[in-house]
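Summary of structural features
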Amino acid sequence: MFTQSEENYLKAIFHLQQETEDGVSTSSISGHLNTTAASVTEMIKRLADKDLLDYQKYYGVQLTATGKAHALAIVRKHRLWESFLVERLNFNWDEVHEVAEQLEHIKSKKLVEELDKFLGRPAYDPHGDPIPDAEGNLPIMPKKRLSQLQQGERCICKGFNDASSSFLKYLAKLGIGLGTAVEVTHVEKFDESMTLRIDDDEVQLSKTATDNIYVEH
């Protein structure tokens, strides 16, 4: 059994590892969890003692196979609960993250299995994030970002790197969600912001926004 804090660290390190091929720095973990460097260092030592991660000074940390398995189990619960809240309890997609943060710490394996079965074993959550199966296997997730497209290209929105309520509300206001078809009509050379055509409307997005949208041609 792990504490809620330990589980939060495992999940945070897992997400940060997806963004780099190197070890995850203590400063990255500190920023992600909004905690002090001293607290991160203490927790790293605790998790390393439990063989959940490897730590090398100056090279950062990486999850061990055991640590990754536990992290994937937490991610699985989180994304299944998000799916349940949206599909069955009529939550909006920008309302579910914080609730799922609480529900992901429930320990019952039977509950998770029954929840997965009840939902029809979904492969992706309401934000387009892949849901690990019971063995920890992840469905393929598009890695191309909207910011990588050129003027004239068309694509379908398939996922979002930023699942914060403010970002999701912003996208919803612009009419952008999972499955939305967009065409890049202009890329501003100065700041790489984009003008997009969605149906008959045109919207503008900053480079920060387009960097956080995954797409597929």
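A quick note: this is a predicted structure, and the numbers were derived from the prediction, not measured.

**Overview of the environment of H78**
Note that H78 resides in helix α4 (residues 65–89). The sequence separation of H78 and V96 amounts to 18 residues, and the corresponding C-alpha distance is 9.6 Å. Among residues more than four places away in sequence, those in contact with H78 are K11, H97, A100, E101 and E104. There is a polar contact of 3.3 Å between the side chain of H78 and the side chain of H97. Within the local environment of H78, its side chain forms a polar contact with the side chain of E104, the two groups lying 2.7 Å apart.

**Thoughts on helix α6 (residues 109–118)**
Here α6 has its buried residues at V112, L115 and D116. The buried residues of α6 occupy an angular sector of 100° when the element is viewed end-on, so they sit on one face. Those residues of α6 that are buried are in contact with α4. For α6, the N-terminal cap is S108; the gap from its side-chain oxygen to the backbone nitrogen of L111 is 3.0 Å. Trailing α6 by a residue or two, G120 shows a phi angle of about 85°, which is positive.

**A word on the pattern of salt bridges**
Under the definition given, this model contains 17 salt bridges. In this structure, E6 engages R46 in a salt bridge whose closest nitrogen and oxygen atoms are separated by 3.5 Å. Of this pair, E6 sits in helix α1 (residues 4–17) while R46 sits in helix α3 (residues 37–49), and the two are 40 residues apart along the sequence. Classification of E6 by relative accessible area gives buried; the value is 1%.

**Thoughts on the sheet that holds strand β3 (residues 154–160)**
Across the sheet, which stays open at both edges, the 5 strands sit in the order β6-β5-β4-β3-β7 with antiparallel pairing between neighbours. Of all the strands in the sheet, the pair left with one neighbour each is β6 (201–205) and β7 (213–216). On average, each strand axis in the sheet is tilted by 45° relative to the strand beside it, whichever way the strands run. Across 4 bridges, the pairing between β3 and β7 is antiparallel. What sits directly across from G159, in β7, is Y214.

**Observations regarding the nonpolar core**
In this structure, L146, F160 and I213 are the most contacted members of the largest nonpolar core, which totals 20 residues. At the level of secondary structure, the elements contributing two or more residues to this core comprise β3, α7 (165–174), β4 (181–187), β5 (194–198), β6 and β7. Not counting the four nearest positions on each side in its chain, L146 is found in contact with C155, V182, V184, M194, L196, L205, T210, I213 and V215. Grouped together as the second largest cluster of nonpolar side chains are 19 residues, V24, I44, L63 and L72 included.

**Regarding the packing of aromatic side chains**
Under the counting rule described, the total for this entry stands at 3 aromatic pairs. Centre to centre, the rings of W81 and F84 are 5.8 Å apart; their planes meet at 85°, and the pair counts as edge-to-face. Of this pair, W81 and F84 both sit in helix α4, 3 residues apart, which is roughly one turn of the helix. Just as W81 is buried, F84 falls in that class too. An aromatic cluster is present here, built from W81, F84 and F118 joined pairwise through their rings. Sitting above the plane of the F118 ring, R88 keeps its charged end 4.7 Å from the centroid.

Calculation rules
Residues numbered from 1 in each chain as written. Predicted model: local features only at pLDDT ≥ 70, side-chain atom pairs only at ≥ 80, totals over all residues. Heavy atoms only, no water. Helix = DSSP H or I, 4+ residues; strand = E, 2+ residues; numbered from the N terminus. Contact = heavy atoms within 4.5 Å. Polar contact = N/O pair within 3.5 Å; in protein donor to acceptor, adjacent residues only side chain to side chain. Buried < 20%, exposed > 50% of the residue type's maximum accessible area, 1.4 Å probe, protein only. Arc of directions from axis to C-beta. Salt bridge = Lys/Arg side-chain N within 4 Å of Asp/Glu carboxyl O. Pairing = 2+ DSSP bridges. Axes fitted to C-alpha atoms, helices over the stretch in contact; angles between N-to-C directions. Core = buried A, V, L, I, M, F, W, Y, C linked by side-chain atoms within 4.5 Å. Phe/Tyr/Trp six-rings, centres within 6.5 Å; stacked < 30°, edge-to-face > 60°. Lys NZ or Arg CZ within 6 Å of the ring centre and 35° of its normal.

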